[in-house]
Amino acid sequence: MSSIDASHARALSKIVVIGATGRLGKCIRPHWKDLPVLWQSRRVEHGFETVDILNDPKGMRQLINGADAVLCLAGETYKPNANMALNVDLARAVLDAARDTAAGRVFLASSAAVYGATTGILTEDGPAIPQSDYGRAKLDMEHMAQAHAHPYTALRIGNIAGADAILAGWTPGMALDQLEDGRAPRRSYIGLETLARVLIGLMRQSDLPNRLNVATPGPVGMDSLLDAAGLAYVYRTPATAVIGCVNLCTKRLQNHVKLMPEDSAPETMVAQWRRSQDIQ
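If you're wondering where the values come from, they're calculated on a predicted model, not measured in any experiment. (Residues numbered from 1 in each chain as written. Predicted model: local features only at pLDDT ≥ 70, side-chain atom pairs only at ≥ 80, totals over all residues. Heavy atoms only, no water.)

Participant: If you had to explain the state of the cysteines to someone new, which residues and values would you point to?
Facilitator: Counted according to the given criterion, the structure contains zero disulfides. Cysteine 27 supplies the cysteine sulfur nearest to cysteine 72, a cysteine that is in no disulfide, at a spacing of 16 Å. On the accessibility criterion, cysteine 72 (2% relative accessible area) is buried. (Disulfide = S-S within 2.5 Å. Buried < 20%, exposed > 50% of the residue type's maximum accessible area, 1.4 Å probe, protein only.)

Participant: Please provide a residue-by-residue account of the side chain of serine 110, values included.
Facilitator: Along the chain, the position of serine 110 falls in strand 5 (residues 105-111). Given a relative accessible area of 4%, serine 110 falls into the buried group. (Helix = DSSP H or I, 4+ residues; strand = E, 2+ residues; numbered from the N terminus.)

Participant: I'd like to hear about the side chain of asparagine 213, residue by residue, with values.
Facilitator: Summarising the element assignment, asparagine 213 is placed in strand 12 (residues 211-214). Within the structure, the side chain of asparagine 213 is placed 2.8 Å from the side chain of tyrosine 115, a separation counted as a polar contact. Among the polar contacts listed, one links the side chain of asparagine 213 to the backbone oxygen of cysteine 249, at a separation of 3.0 Å. Sequence-distant contacts of asparagine 213, that is, excluding residues within four places in its chain, are made with Tyr115, Leu122, Thr123, Glu124, Arg156, Leu248, Cys249 and Leu253. (Polar contact = N/O pair within 3.5 Å; in protein donor to acceptor, adjacent residues only side chain to side chain. Contact = heavy atoms within 4.5 Å.)

Participant: Tell me about the pairing of strand 15 (residues 245-248), and please be specific about residues and values.
Facilitator: Sheet topology places strand 6 (residues 121-122) next to strand 15; two bridges connect them, and they run parallel. When the bridges of strand 15 are listed, isoleucine 121 appears paired with asparagine 247. Where strand 10 (residues 186-187) meets strand 15, two bridges bridge the pair, whose relative direction is parallel. Across the sheet, the residue bridging to arginine 187 is valine 246, located in strand 15. (Pairing = 2+ DSSP bridges.)

Participant: So what's going on with the packing of helix 6 (residues 222-229) against helix 7 (residues 266-279)? Which residues, and what values?
Facilitator: With their axes 9 Å apart at the nearest point, helix 6 and helix 7 run at an angle of 60 degrees to one another. Taken together, the axes of helix 6 and helix 7 lie oblique to each other. The hand of the helix 6/helix 7 crossing is right-handed. Contact residues: helix 6 offers Ser224, Leu225, Ala228 and Ala229, while helix 7 offers Pro266, Glu267, Met269, Val270, Trp273 and Arg274. The class makeup of the residues in the contact of helix 6 with helix 7 is seven nonpolar, one polar and two charged. (Axes fitted to C-alpha atoms, helices over the stretch in contact; angles between N-to-C directions. Parallel < 35°, antiparallel > 145°, perpendicular 65-115°, else oblique. Left-handed = near helix turned anticlockwise from the far one by under 90°. Nonpolar A, V, L, I, M, F, W, Y, C, P; charged D, E, K, R; others polar.)

Participant: Account for the sheet that holds strand 7 (residues 152-157), with residues named and values stated.
Facilitator: In spatial order, the strands read 3-2-1-4-5-7-12; together these seven strands make up an open sheet with parallel pairing. A strand with exactly one partner marks an edge of an open sheet, and here the two such strands are strand 3 (49-50) and strand 12. As paired strands, strand 2 (residues 37-41) and strand 3 are joined by two bridges and run parallel to one another. Following the sheet pairing, glutamine 40 is matched in strand 3 by glutamate 49. Against the sheet, helix 3 (residues 86-101) engages strand 1 (15-18), strand 4 (69-72), strand 5 and strand 7, with an angle of about 170 degrees to strand 5.

Participant: I'd like a rundown of the confidence of the model for the protein chain, residues and numbers included.
Facilitator: Averaged over all residues, the pLDDT of the protein chain is 94; the fraction at 70 or higher stands at 96%. In the predicted structure, residues 1-7 sits below a pLDDT of 50 and forms 19 contacts with residues beyond four places in sequence or in another chain. (pLDDT = per-residue confidence, 0-100.)

In structure tokens form, the structure reads like this:
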């Protein structure tokens, strides 16, 4: 079923976002203000449901019970001494709670990092050979979910413009690695508003695959993104081997949600990032 046919999209009466205080949750929240969302946090914070994912299974079941969809953003990211095994443990706890309450599909935040240095157009059924501890942990999470009884979709999310190291991490004098063609590395990107729209579109579907790349069609140069934002940078010779291009295939995604040509434009992504800054 395709969300392009909106007449068949199901209504959502309860969405639960697990790990909502992280970077991705903060990006999505301003765009979902009018939706029936419960936002989970391990710490007590205003506007959030306080539940310890690993140590309060009863609380997790109560939170997830009756949810049409559960978005699991909880997990470790790139940081020193991170316990990457938590990516598997947290996802398992969410899937267990959803299974025990017959909740709707669980969407697990995976990453394009599972592909590693694989070249060409990266498809969900193609090779996944992660090179980083983070990528390996996300692939381990996917393998765990595959053996679980509850319906899930692992979202292999590309770079998010405005929640990345380029726009969000820009500083004066920023240096970008220069490839042999004279340009900076290219990555599959998605804008903040587009991401929020895509996620809701997927949640309204009843028939989804277990793995989905989440990005807009075609890779975007990191330098092109900064050019669109009017942010200065310099090129540098890479100190180590650099993955020149990460190009996620979005054909499967577009069977379920509609992406417009302008969604892939760096100018669109920059405009969405700036609007998001205004409403946060």
